[in-house]
Amino acid sequence: MGITISLYHLLLFIALIPNFTSSQILFQGFNWESWKKEGGWYNFLRNSIPELASSGITHVWLPPPSHSLSEGPQGFLPGRLYDLNASKYGNQDELKRLTKAFHDKGIQCISDIVINHRCAEKKDSRGVWSIFEGGTPDDRLDWGPSFICSDDTRYCDGNGNPDTGTGFDGAPDIDHTNLRVQRELSDWMNWLKTEIGFAGWRFDFARGYCPTFTKKYMQNTRPSFAVGEIWNSLAYGSDGKPVYNQDGHRREIVRWIEAAGGGVTAFDFTTKGILQTAIQGELWRLKDANGGPPGVIGLRPGNGVTFIDNHDTGSTQNLWPFPSDKVMQGYVYILTHPGIPSVFYDHFFDWGLKEGISILIAIRYRNGIRPTSSVRILASDADLYVAAIDEKIIAKIGPRYEVGNLVPPTFQLATSGNDYAVWEKKKFSGKMIITESEKE
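Residues numbered from 1 in each chain as written. Predicted model: local features only at pLDDT ≥ 70, side-chain atom pairs only at ≥ 80, totals over all residues. Heavy atoms only, no water.

The next subject is the side chain of Asp-175. Relative to the helices and strands, Asp-175 is located in the loop between strand S5 (129-131) and helix H5 (179-196). Although buried, Asp-175 forms no salt bridge, and the nearest oppositely charged side chain, Arg-180, lies 12 Å from it. One polar contact links the side chain of Asp-175 to the main-chain amide nitrogen of Asn-161, over a distance of 3.1 Å. Among the polar contacts listed, one links the side chain of Asp-175 to the side chain of Thr-177, at a separation of 2.5 Å. When near neighbours in sequence (up to four residues on either side) are disregarded, Asp-175 contacts Phe-147, Ile-148, Cys-149, Gly-160, Asn-161 and Val-181. (Helix = DSSP H or I, 4+ residues; strand = E, 2+ residues; numbered from the N terminus. Buried < 20%, exposed > 50% of the residue type's maximum accessible area, 1.4 Å probe, protein only. Lys, Arg positive; Asp, Glu negative; His and termini not counted. Salt bridge = Lys/Arg side-chain N within 4 Å of Asp/Glu carboxyl O. Polar contact = N/O pair within 3.5 Å; in protein donor to acceptor, adjacent residues only side chain to side chain. Contact = heavy atoms within 4.5 Å.)

Shown next as structure tokens:
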């Protein structure tokens, strides 16, 4: 009996560990304004599937699918979680057609899961908005004020438990220590898998509750891919710029990953913050004190999801945007380096960068660059950054044109643009070096 139990836990552990040997490309399939699309975003996005598939996208992150308050039409103030017909992006049948169309092209759909907080359907006897409805004829996800964290004093009745994470001011914080909460949220997520066609999760505001609960939801739903949003401020100096050493920032994200069981990834906000500062004439920031990448990908690359912007940092919110004239240099970095790169809808389709990004993805695939690939930084000066990845490709960003002898003659130019270039090893046939141009 003991051997059987041990084998079960071993197999479960293996199932929850991300596939670090394959190259994954995440695509954020919406922005802050997508809910306004005439005819529905789900229907509109379905037309983009052939282009995304041909570009090498493996996973698409879709917006929160449930009913949400009118004050939060983007989906991040959810109420009736099972009610997918009230979404501003489209109805349940349209969403199912979308996930199936992606699946038919080999692309897995990731649902944005907003479970830190929830909006009530009715007021209780105190006149407080604290009566929740799940959106089904039965009592699934029908909760009362005792399901709210006790320190969320605007809504709770004092019978819940204290919040296990960072508080959220926009809606009642849900008590994840409650076993019914854990069970019914897990059931809902599994319903999104079996009934709607989702394969994984993006955990919104994941620092709002203890990562041990993320671990439980991972174990209970067994997604093929999951990523958490742990967005905290970088450390800043008196000059208003990020300090050079952001080790504390990235280690906080790594601690969350480990406490959540190690089978979930996290957005590498450290790399984003450093990269968008470094790209403005301070590329020396891209090498940490140990000679490696300074973000999460320098510590746990297989668990770090790198990105340039998303619906919060960019889009029409622009809360923390990447310099707009240097976005392609940013993509050169994340699409050649370890980690799991994420491509933003706006950049791919609206900014005219589809071709350049697709070329970089093709180079990544062609050379077998993986989430855990090695990096050897060859130069990290103010105006020049050069790195060899797996000794198969060499990436350069920065305005300095001359790279000296940093690129050996056994490498050839694969792509280049404004202040960036990527080289890959020439292919050998016997004693002769055959370049791609010679093949043509």
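The rest of the description comes next.
Judged by nonpolar contacts, the single largest core of 107 residues is most densely connected at Trp-188, Phe-203, Tyr-331 and Ile-397. Contacts of Trp-188, omitting those with residues within four sequence positions, involve Ser-66, Leu-81, Tyr-82, Ile-113, Ile-115 and Leu-141. One finds Ala-379, Ala-388, Val-403 and Ala-421 within the second-largest nonpolar core, a separate group that totals ten residues. (Core = buried A, V, L, I, M, F, W, Y, C linked by side-chain atoms within 4.5 Å.)

Turning our attention to helix H8 (residues 269-278). Counted residue by residue, H8 has ten buried out of ten residues, so it is predominantly covered. Along H8, the residues that are buried comprise Phe-269, Thr-270, Thr-271, Lys-272, Gly-273, Ile-274, Leu-275, Gln-276, Thr-277 and Ala-278. Those residues of H8 that are buried are in contact with helix H7 (247-259), strand S8 (265-267), strand S9 (304-307), helix H9 (327-336) and strand S13 (393-397).

A separate point is the packing of aromatic side chains. Enumeration according to the criterion identifies 21 aromatic pairs in this entry. Ring centres 5.0 Å apart and planes at 65 degrees place the aromatic pair Tyr-82 and Trp-191 in the edge-to-face group. Placement of Tyr-82 in the loop between strand S2 (59-62) and helix H4 (92-104) and of Trp-191 in helix H5 is noted, with a sequence separation of 109 residues between them. Note on Tyr-82: relative accessible area 7%, which makes it buried. (Phe/Tyr/Trp six-rings, centres within 6.5 Å; stacked < 30°, edge-to-face > 60°.)

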